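Each chain, letter by letter, is given below.
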Amino acid sequence: MEGATVRVSPGQTIRKVVAGTMINAYDGRLNLNIDRIDLMLGKKNTDHPAISAWVEKTAELCQPDQVFWCSGSEAEKQSLTDLAVRQGTLSPLDRKKWPGCYLHRSNPNDVARVEELTFICTASQEEAGPTNHWAPPAEMYDKLHRLAHGAMKGRTMYVVPYLMGPPGSPLTKVGIELTDSVYVVLSMRVMARVGAVAYEHLGQRNDFNRGLHCMLDIHPERRFIAHFPQDNAIISVGSNYGGNVLLGKKCLALRIGSYLGRREGWMAEHMLILGVEDPQGEKTYIAAAFPSACGKTNFAMLIPPKHFEGWKVWTVGDDIAWMKPGADGRLFAINPEAGYFGVVPGTNFRSNPNAMLSMQKDTIFTNVAATAGGDIWWEGKDEEPPEGLLDWQGRPWTKGEKAAHPNSRFCAPMTNNPALDRETDNPNGVPISGIIFGGRRATTMPLAFQAFNWIHGVYVGATMGSEMTAAAVGTVGQVRRDPMAMLPFCGYNLGDYFGHWLKMRKNLQKPPKIFQVNWFRKSASGEFLWPGFGENMRILKWIVDRCRGRVGADETPLGWMPDPSDIDLGGLDYEKSKLAEAFKIDVEDWKKEVLAQDELFIKLHSDLPMELHFQRELLISRL
Ligand code: SAT
Ligand code: MN
């Protein structure tokens, strides 16, 4: 259709002209800018039999007034954005300061993922494992179909065909999300590749993910996020919050993805992917798992300190990695997403300039504070709060109260990121040299160490603990075991998941080295022992040098640790004694740590691979 010329004969009506289109000459011939006009707006755009049948069946169930087939066009974006503004779902921000940006205020009862209401509906409970909420598939289908019955009366059902992954990649998956939320459609357009690309990738196959989302009345009592891995299907009702309803993200890319990955021989991980370019121009790719709201986006977009001249960090992804062994025995990773759904508070031009630049245009903000004039603010923003600020719920803000919600988010296209890696769209992915596990731990866990080998690395990841954050409903600050940062996202039994990790080693002649980091350790007086943010480059450089065999390490009970002199502190105003404290192994703390790890191991005992028991014994004897 690009560059199409549409002939209009005198007297012929043009049905849909998008607001803002100029028609300034008429001579029976009209050259239309196809970017701004979509003559097929909302019309059925595929005759794929399985998609057609499923959409028809779901429409019969939900009874929407109309079905709107999304094409991903610019005209569609314009039209749906206008609709969202008319409905009050989105408010336009100041056009000069925030071009193409909008604010969404969610229902105050619906501001984070709800793990309590998230279900893995495998045939047996054993398959879902003791860490997932489980329900028999038939029972859950029945319950949710009742809730969805007639739920879209008076509403529109949007059909969103999307791709997770770059077009043409063997790792890429197709999903179709049916939703009655315009906010979801507009966010999915940012987070995934939406439109004909999905149909093209699918071809005549039927293995697309079937996702249904009904907002219902946004009530926690009628909120369920249910996964049916055997059917490659998801039903999410009663929420309109990102992680619960952008079904390509946590639901498909992690929960269903991890299940499929085990079956098909690949890995779906809660990991950022970054490329570290050294002054010689050589790039080393690293994947890193951190729990939600522990700085994955910041780390993925890190800007090295001045002292690191010639070093550059490139972002492939900030949240999810799909990884598969390549023919050459290395592990290759793609980022299945196309945008960032990042935590806003604390983001500023010092902590993460690339995130600030990523959200400068075409971004949907959820639950930040705003002024009537369309400026926005959040805790930790560079400037002081503007006059007349309204908090995230739209109430006049008073100093001392929360302005933005702690889990407020920006949803921005990755192409806005000045540090976007040029291999991001490479269908083969990027070769991963190192994997990092990191939690948020005030004590015990040292700043960095390297696991002795793959199996030890799996143990290190499996025993990861982290303090809970605002990204999920729960007790903020409490340490919980969050293996590989996948506790809320593994779509099957965690014990089997560890087994899958161990098994992957067999297809990796050149496995990535595995590391653990902790940016969040505090002194006895409660101060952070490490400056974090861009300064993490100093640890990242050590990791890259280890991957490339360029630097030595000391053997400790936990693993290989850097000699303090191997961490380049050049140009940093920092007390050296703090570094020693950040790296300290306190044997008494570690005895408690091993006991705390037991809680999860006991829970998983019958499915836990023996190798992990042995690793535990080895650690105890080394301690
Ligand atoms: O809210 S999301 O699940 O999309 C983000 C996160 O918690 O990691
Ligand atoms: Mn995440």
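Residues numbered from 1 in each chain as written. Chains lettered and ligands numbered in written order. Predicted model: local features only at pLDDT ≥ 70, side-chain atom pairs only at ≥ 80, totals over all residues. Heavy atoms only, no water.

**A look at the coordination of the manganese ion (ligand 2)**
Step number 1: Looking at the metal site, the manganese ion (ligand 2) is ligated by Lys250 (NZ), His270 (NE2) and Asp319 (OD), spaced 2.0 to 2.2 Å from it.
Step number 2: Look at where the donors of the manganese ion (ligand 2) fall in the sequence and you get K-x19-H-x48-D. Highlighted residues: lysine 250 in helix α8 (residues 248-264) and histidine 270 in the loop between β14 (267-269) and β15 (271-277), separated in sequence by 20 residues. (Donors = N, O, S within 2.8 Å, 3.2 Å for Na, K, Ca; no water. Helix = DSSP H or I, 4+ residues; strand = E, 2+ residues; numbered from the N terminus.)

**Some points on the site of ligand 1**
Step number 1: All residues in the neighbourhood of ligand 1 are listed as Arg113, Tyr241, Gly243, Lys249, Lys250, His270, Ser292, Phe341, Arg409 and Ala471.
Step number 2: Taking arginine 113, its side chain carries an N or O atom lying 2.7 Å from an oxygen atom of ligand 1.
Step number 3: Between ligand 1 and the protein, one listed contact pairs an oxygen atom with a side-chain N or O atom of tyrosine 241 at 2.6 Å.
Step number 4: Alone, ligand 1 offers 250 Å² of accessible surface; in the complex the protein occludes 98% of this.
Step number 5: Split by residue class, the shell around ligand 1 holds 3 nonpolar, 3 polar and 4 charged.
Step number 6: Taken domain by domain, the makeup of the shell around ligand 1 includes at least three residues from each of domain 2 (49-88 + 111-265) and domain 3 (269-336 + 422-622). (Near = heavy atom within 4 Å. Polar contact = N/O pair within 3.5 Å; in protein donor to acceptor, adjacent residues only side chain to side chain. Areas by Shrake-Rupley, 256 points an atom, 1.4 Å probe, with all protein chains shown as cover. Nonpolar A, V, L, I, M, F, W, Y, C, P; charged D, E, K, R; others polar. Domains from an automatic or database assignment.)

**Considerations on the sheet that holds strand β23 (residues 376-377)**
Step number 1: Strands sit in the order β23-β22-β24 across an open sheet of 3 strands; the sheet is antiparallel. Taken across any chain shown, the strands that pair with only one partner, and hence form the sheet edges, are β23 and β24 (389-390).
Step number 2: Here strand β22 (residues 369-371) pairs with β23 via 2 bridges, running antiparallel. Following the sheet pairing, alanine 370 is matched in β23 by isoleucine 376. (Pairing = 2+ DSSP bridges.)

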